[in-house]
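Secondary and tertiary structure notes
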Amino acid sequence: MNNGTTRKHTALPKAQILIEALPWLTRHHGKTVVIKFGGNAMVNEELKAAFAQDVVFLRHAGLKPVVVHGGGPQISAALDRHGIVSEFKAGLRVTTEDAMDVVRMVLAGQVQRELVGLLNQHGPLAVGLTGEDAHTITATKHRPEIDGVHVDIGRVGEITEIDTGAIEALLADGRIPVVSSIARSQDDGHVYNVNADTAAAALAAALGAETLMVLTDVEGLYEDWPHSDEVISRLTATQLEKLLPELSSGMVPKMEGCLYAVRNGVNTARVIDGRVQHSILLEIFTDEGIGTMVLPDASDQGNKKGDAV
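Predicted model, so just to flag it, every value in this text is computed and none were measured.

Parameters at a glance
- Residues numbered from 1 in each chain as written.
- Predicted model: local features only at pLDDT ≥ 70, side-chain atom pairs only at ≥ 80, totals over all residues.
- Heavy atoms only, no water.
- Patch = residues over 30% accessible without salt bridge, like charges linked within 9 Å, V, L, I, M, F, W, Y side chains within 5 Å.
- Areas by Shrake-Rupley, 256 points an atom, 1.4 Å probe, with all protein chains shown as cover.
- Salt bridge = Lys/Arg side-chain N within 4 Å of Asp/Glu carboxyl O.
- Lys, Arg positive; Asp, Glu negative; His and termini not counted.
- Charge placed at Lys NZ, Arg CZ, Asp CG, Glu CD.
- Helix = DSSP H or I, 4+ residues; strand = E, 2+ residues; numbered from the N terminus.
- Phe/Tyr/Trp six-rings, centres within 6.5 Å; stacked < 30°, edge-to-face > 60°.
- Buried < 20%, exposed > 50% of the residue type's maximum accessible area, 1.4 Å probe, protein only.
- Core = buried A, V, L, I, M, F, W, Y, C linked by side-chain atoms within 4.5 Å.
- Contact = heavy atoms within 4.5 Å.
- Expected span 1.5 Å × (residues − 1).
- Polar contact = N/O pair within 3.5 Å; in protein donor to acceptor, adjacent residues only side chain to side chain.
- Pairing = 2+ DSSP bridges.
- Axes fitted to C-alpha atoms, helices over the stretch in contact; angles between N-to-C directions.

1. A few points about a negative patch on the surface
On the surface, Glu219, Glu223, Asp229 and Glu230 cluster together into a negatively charged patch. Structurally, glutamate 223 is set in the loop between strand 13 (211-216) and strand 14 (234-236).

Encoded structure:
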């Protein structure tokens, strides 16, 4: 009898956690969530496994997750092995033709395959594709401006078009699309390396996603870094736009992506700490949430996560 009572008491917090998730489960059911996979979560084995569990949980909870990934650390390591020097301009990797072959090989043949494998440990769920497949992502050559001059950084692309047909077909079939951020050119037939934060934001907007989630190696957007480690829990598109010039270079494409998403129909964009195990579940299914949420200007109402009804 005593053992039964003890068991009931230890199980009770689990039930309370599940009940707390109920409004969020109801709200997000059937909604598309685009998740940018990156940072430490990509290289740490435990975090990788937890990420895969989170994504599969979302799928079984009735959401439609789409994963977009880059692979900066893996690309740098592979280029080193091939004796190709990594050079960066304006925060973007200079991608020669030789480097592009390696980038494509690493993203589609290594990072994507590993992630698909991790997800598929839980069932026949994940299907990998690149932006090249079914014209999912089309790009043109990107020439960033440095000190007022447009510079050539090789096979780096700027997205011109998104075709969501293949992804929507996979989602309708109950699959989890895993998209490598490579694009086919609209004008010269080449393949381009595309920033994965930018690709995730463009896909979220084109899919009419409920949420864009970007995993990072920081807790969120800091109020007054480096003077304070206070994280801004939520801000509107206009507030974010004012902060952009002050942000560190690594954070710019992430926050620009969030801004683009909420200005193009995505209800919320969130930057969350990928170093925390199960950060995705904490953000979507708990009242507190973690990280920084960006909202469209019209939605500057409600609690940390907007109204749950």
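Next, the rest of the story.
2. Considering the packing of aromatic side chains
One pass over the structure, following the stated rule, counts two aromatic pairs. Between phenylalanine 57 and phenylalanine 285, the ring centres sit 5.8 Å apart and the planes meet at 65°, which makes this aromatic pair edge-to-face. Here phenylalanine 57, found in helix 2 (residues 45-60), pairs with phenylalanine 285, found in helix 9 (residues 279-285); they are 228 residues apart in sequence, far enough to count as distant. Note on phenylalanine 57: relative accessible area 41%, which makes it partly exposed.

3. Some points on the nonpolar core
One broad trend across soluble globular proteins is that nonpolar side chains are buried collectively. If you look at the biggest cluster of nonpolar residues, it comprises 44 residues, and the most contacted ones within it are Ile35, Phe51, Leu119 and Phe285. Those elements that provide at least two residues to this core are helix 1 (2-28), strand 1 (32-37), helix 2, helix 3 (72-81), helix 4 (97-119), strand 10 (176-180), strand 13 and helix 9. Top element by residues in this core is helix 4. It accounts for 11 residues. Residue contacts for phenylalanine 51: discarding those within four places in its chain leaves Ile35, Phe37, Val67, Leu115, Leu215 and Ile280.

4. Remarks on helix 6 (residues 196-207)
Across its 12 residues, helix 6 extends 16 Å between first and last C-alpha, which sits within 8% of the 16 Å expected from 1.5 Å per residue. Across the 12 residues of helix 6, 10 count as buried, placing the element largely inside the fold. Considered for burial, the residues of helix 6 that qualify are Ala196, Asp197, Ala199, Ala200, Ala201, Ala202, Leu203, Ala204, Ala205 and Leu207. Residue asparagine 195 occupies the N-cap position of helix 6, its side-chain oxygen lying 2.8 Å from the main-chain nitrogen of aspartate 197. Downstream of helix 6 by one or two residues, glycine 208 has phi in the positive range, about 65°.

5. Quick word on the sheet that holds strand 1
Read across the sheet, eight strands follow the order 5-10-2-1-13-15-16-14 without closing on themselves; strand pairing throughout is mixed. Of all strands in the sheet, those with a lone pairing partner are strand 5 (126-130) and strand 14, marking the two edges. Each strand axis lies, on average, 20° off the axis of its neighbour in the sheet, ignoring direction. Two strands pair when backbone bridges link them, and strand 14 and strand 16 (residues 292-295) are joined in this way by three bridges, in the parallel orientation. Among the inter-strand pairings, arginine 234 is bridged to a residue of strand 16, identified as methionine 293.

6. Quick look at helix 2
Compared with an ideal rise of 1.5 Å per residue, which puts 16 residues at 22 Å, helix 2 spans 23 Å between its outermost C-alpha atoms and is within 8% of the ideal. Here helix 2 has its buried residues at Leu47, Lys48, Ala50, Phe51, Ala52, Asp54, Val55, Val56 and Leu58. Contact partners of the buried residues in helix 2: strand 1, strand 2 (64-69), helix 4, strand 10, strand 13 and helix 9. For helix 2, the capping residue at the N-terminal end is asparagine 44, with a side-chain oxygen 2.9 Å from the backbone nitrogen of glutamate 46.

7. Some points on the environment of aspartate 152
Residue position: aspartate 152 is located in the loop between strand 8 (149-150) and strand 9 (157-162). Residues aspartate 152 and lysine 89, spaced 63 residues apart in sequence, show a C-alpha to C-alpha distance of 9.4 Å. Among the polar contacts made by the side chain of aspartate 152, one reaches the main-chain amide nitrogen of glycine 154 at a distance of 2.8 Å.

8. Observations regarding the pattern of salt bridges
Applying the stated criterion across every chain, the model contains 15 salt bridges. Here lysine 48 and glutamate 45 are joined by a salt bridge, their closest N and O atoms 3.2 Å apart. Here glutamate 45 and lysine 48 lie together in helix 2, a separation of three residues that amounts to about one turn. Given the relative accessible area of 54%, glutamate 45 is considered exposed. A salt bridge links aspartate 173 to arginine 175; the nearest nitrogen and oxygen atoms lie 3.0 Å apart.

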